[in-house]
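# Geometric and topological summary
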Amino acid sequence: MNRKNFILGLMVILILGSIEVTHAAAPKAGLPCPKVGTKQVSKGILFTCIKSGKKTVWNKGVQVVAAPKPSPTPSLSPSPIPSTTPTPTSKSSESPAPTPSPTPSKVISANALIVQDLFNEVWKRDIKSKAKYEIFIDPSRPDSKWAKEHVTFIETTIELLAKMGYDLKTSSKIYIGWDWKWMQKFMPRDSWCYDGSWAGGGYCGQGINFINLQQTGEWLRTGGQEIDWPSPEVRLAATSTLAHELGHQAQGELAEASGRRNLAFYPAWLREGGANLLKAVVYARMNNISYVDARELFFKMTDKGCAEVPLMEMLMSGNHPKNCNYTGGFVASEALIARDKNTTALFRFGASKIADSGPKFDQERQGISNETYRSVMKEIYNIDIDEWHPIVEAEIKIWTP
Ligand SMILES: [Zn+2]
């Protein structure tokens, strides 16, 4: 992030800033706080209440970037804080602990923190998947190290989908290989995958998924070798593809169950952005890092240049010319979950009651029409896109400059 956007983000917080966390008296590092785990933003810093010896105190905090809320009369005076938590009264609050003022260095998306908390709750659910899957590895490279890494993502992804309430119903067939001729034999002729050698991986409908390791090799110019990943961000991008594709399978199953439509019913930003968000969630889980850290790796690696691209240009059944549906779409999907306060927001679009793909299918983009998109956003999320899009687009500016 450049300095300008950083400052913009800070100003936004100072002016309008509230994120969806508990409000109470302004916290300061080392001062007593009401309850362990409580979070509160003050002056652009997100404080978390932690236990310190026998006391509970605010930690040193992290810098937060929040999306601006549209307000007819932006005002520099702080808005009144609705206080649901009683202000803690403690003798020690009279004499503040001698802690240095916080010196946060990291900038974190407020939406990402909410998404992280929501997925942490999802992982705790005691739900097991009943989904069936088969994995096929290219016989020309039966001991492929890269293929094995992809395989490790499958079970965790399938468990996650079950815990989110979208256990896969179609049994999956997952083909992982280097030789497109081998893979193509298994690709449905009527799907894009049949001519999909250009893609690193894909979901083809009917439970069929593929991973094309040749693409990874070409991307990293390894000369056909399966090298060790040069950095964690490359590792995330290269290995977590099946979390993305199985996410599509879950999206597709939901859309198919609700009428004569398929994955293409989803706006491109949610279809690809949501699937990419799942990559970060699963990668974090498997590598024992936080979602926020995995997301940071994701944004280190991805294309930029989506700051000025409106969400309305990311509704097609294909991809945005600059692939902004993958990156801006990630940011937007995060914003959607954070607003909806439910991880199911990633999928529910496909459960719309609207008939087929809506009354005015858009032939040009081979996707839903603007009108259908608008009405489904209202129907499923109670979102008025005229209000919500500017908020999300401001957030996209910050993360995919
Ligand atoms: Zn995809």
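As shown above, the structure is provided for reference.
Attention here is on the structure that accompanies the text. (Residues numbered from 1 in each chain as written. Predicted model: local features only at pLDDT ≥ 70, side-chain atom pairs only at ≥ 80, totals over all residues.)

Next up on the list: the environment of Val 292. Residue placement: Val 292 occurs in helix 9 (residues 291-301). Residue classification places Val 292 among the partly exposed positions, given that 17 C-beta atoms sit within 10 Å. Here the alpha-carbon distance between Val 292 and Val 281, two residues eleven residues apart in the chain, equals 9.0 Å. (Helix = DSSP H or I, 4+ residues; strand = E, 2+ residues; numbered from the N terminus. Buried ≥ 20, exposed ≤ 12 C-beta atoms within 10 Å, placed from the backbone.)

Burial within strand 7 (residues 172-177) is extensive, with five of its six residues counted as buried. When strand 6 (residues 133-137) meets strand 7, the two strands line up parallel, connected through five bridges. Counterpart to Phe 136 in the pairing with strand 7 is Tyr 175. For the crossover from strand 6 across helix 3 (residues 145-164) to strand 7, the handedness is left-handed. Judged from the five bridges that link them, strand 7 and strand 9 (residues 208-212) form a sheet pairing that is parallel. Bridging from a neighbouring strand, Ile 176 pairs with Ile 211 of strand 9. (Pairing = 2+ DSSP bridges. Right-handed = clockwise from strand over helix to strand, strands pointing away.)

Looking at the secondary structure, you find Asp 179 in the loop between strand 7 and helix 4 (180-184). Between the C-alpha atom of Asp 179 and that of Arg 141, which follows or precedes it by 38 residues, the distance is 9.1 Å. Setting aside anything within four residues of it in sequence, one finds Asp 179 in contact with Asp 138 and Ser 140. (Contact = placed C-beta atoms within 7 Å.)

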